[in-house]
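Spelled out from the first residue to the last, the chains are:
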Amino acid sequence: MSFFDSAYRGGRPPWDIGRPQTVFVELEKGGEIRGSVLDIGCGTGEHALFFASEGHEVWGVDSAPPAIERAKAKAVERGLGVHFVLMDVLELHKLNRIFNTATDSGLFHTLSDEDRPRFARSLASVLEPGGRYFMLCFSELEPPGYGPRRVTQQEIRDTFRDGWTVDYIRPATFESNTRKEGPKAWLAGITRR
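Residues numbered from 1 in each chain as written. Predicted model: local features only at pLDDT ≥ 70, side-chain atom pairs only at ≥ 80, totals over all residues. Heavy atoms only, no water.

What to know about the side chain of Asp39
Move 1: Positionally, Asp39 belongs in strand S1 (residues 37-40).
Move 2: Buried and unpaired, Asp39 has Lys74 as its nearest opposite-charge partner, separated by 10 Å. (Helix = DSSP H or I, 4+ residues; strand = E, 2+ residues; numbered from the N terminus. Buried < 20%, exposed > 50% of the residue type's maximum accessible area, 1.4 Å probe, protein only. Lys, Arg positive; Asp, Glu negative; His and termini not counted. Salt bridge = Lys/Arg side-chain N within 4 Å of Asp/Glu carboxyl O.)

As structure tokens, then:
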């Protein structure tokens, strides 16, 4: 059983706040989330369900079966048609679909150095040229300790240097159900060339 399977089976993990992260709500309200959306590492589906409630066609993918089970149950309860798929994010081409927008709340910082370029290629296989990828990840400005590895702006730029344009990387907060003020994070907006 993976760490994520255990985290979801054991209750509610710190990142599952029962609603979308505020930064993604603001991106939607600002008109940056366009067209069809792929939520990568969707967890229990709060972001995907939010985007669907705003009128987007949405797919959510995650590798943790308990998370996908919960996401599907929430979609039924809320009467929202989101396609939730159990899959490895390094094999997104298997979706056989192209999206206008991709979102990632807390997936990128879980990837190993070796998997980051593979992930960028996987993402490029499902995002249209000119499509946008919005990623929220832990920042190296968050002090060492509990939580995932920290990511620097340079690591983001290095991963997305070939075939991508990093439009911005700005400070953000990763909201949590265990801390009043969440960890320091980066919000990156990246366009596929």
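Things to note about the sheet that holds strand S2 (residues 58-62)
Move 1: Spatially, seven strands are ordered S3-S2-S1-S4-S5-S7-S6 in an open sheet, and the strand pairing comes out mixed. Bordering the open sheet on either side are strand S3 (83-86) and strand S6 (164-173), each of which pairs with just one other strand. Taken over all neighbouring pairs, the strand axes of this sheet differ in orientation by 15° on average, direction set aside.
Move 2: Here seven bridges tie strand S5 (residues 127-138) to strand S7 (residues 184-192), and the two strands are oriented antiparallel to one another. Paired with Phe138 across the strands is Ala185, a residue of S7. (Pairing = 2+ DSSP bridges. Axes fitted to C-alpha atoms, helices over the stretch in contact; angles between N-to-C directions.)

With respect to the pattern of salt bridges
Move 1: In the structure shown here, the tally under the stated rule is 14 salt bridges.
Move 2: The partner of Glu57 in a salt bridge is Arg97, and the shortest N-O contact between them spans 3.3 Å. Of the two residues, Glu57 is situated in the loop between helix H3 (46-53) and S2 and Arg97 in the loop between S3 and strand S4 (99-105); the sequence distance between them amounts to 40 residues.
Move 3: Residue class for Glu57 comes out partly exposed when judged on its relative accessible area of 39%.
Move 4: With relative accessibility at 23%, the residue Arg97 sits in the partly exposed group.
Move 5: Across the pair Arg161 and Asp158 runs a salt bridge, and its minimum N-O distance is 3.8 Å.
Move 6: Under the relative-accessibility criterion, Asp158 is labelled partly exposed at 36%.
Move 7: Several salt bridges converge on common partners, so that one network encompasses Asp113, Arg116, Arg149 and Glu155.

A word on the packing of aromatic side chains
Move 1: Applying the stated rule across the entire model yields seven aromatic pairs.
Move 2: Taking the centre distance of 5.9 Å and the plane angle of 40° together, the rings of Phe108 and Phe160 count as tilted. Here Phe108 is found in the loop between S4 and helix H5 (115-124), whereas its partner Phe160 is found in the loop between helix H6 (153-159) and S6, with 52 residues between them in sequence. Phe160 carries the same exposure label as Phe108, and that label is buried.
Move 3: Pairing Tyr133 with Phe160 gives two aromatic rings, centres 5.4 Å apart and planes at 45°, and the pair type is tilted. Of this pair, Tyr133 sits in strand S5 while Phe160 sits in the loop between H6 and S6, and the two are 27 residues apart along the sequence.
Move 4: The rings of Phe108, Phe119, Tyr133, Phe160 and Trp164 are connected pair by pair, giving a single aromatic cluster. (Phe/Tyr/Trp six-rings, centres within 6.5 Å; stacked < 30°, edge-to-face > 60°.)

Considerations on the side chain of Asp62
Move 1: Along the chain, the position of Asp62 falls in strand S2.
Move 2: Among the polar contacts made by the side chain of Asp62, one reaches the main-chain amide nitrogen of Gly43 at a distance of 2.7 Å.
Move 3: One polar contact links the side chain of Asp62 to the main-chain amide nitrogen of Ala64, over a distance of 2.9 Å.
Move 4: Not counting residues up to four positions away in its chain, the partners in contact with Asp62 are Gly41, Cys42, Gly43, Ala67, Ile68, Val85, Leu86 and Met87. (Polar contact = N/O pair within 3.5 Å; in protein donor to acceptor, adjacent residues only side chain to side chain. Contact = heavy atoms within 4.5 Å.)

Such coordinate-based values are descriptive only and should not be taken to indicate function.
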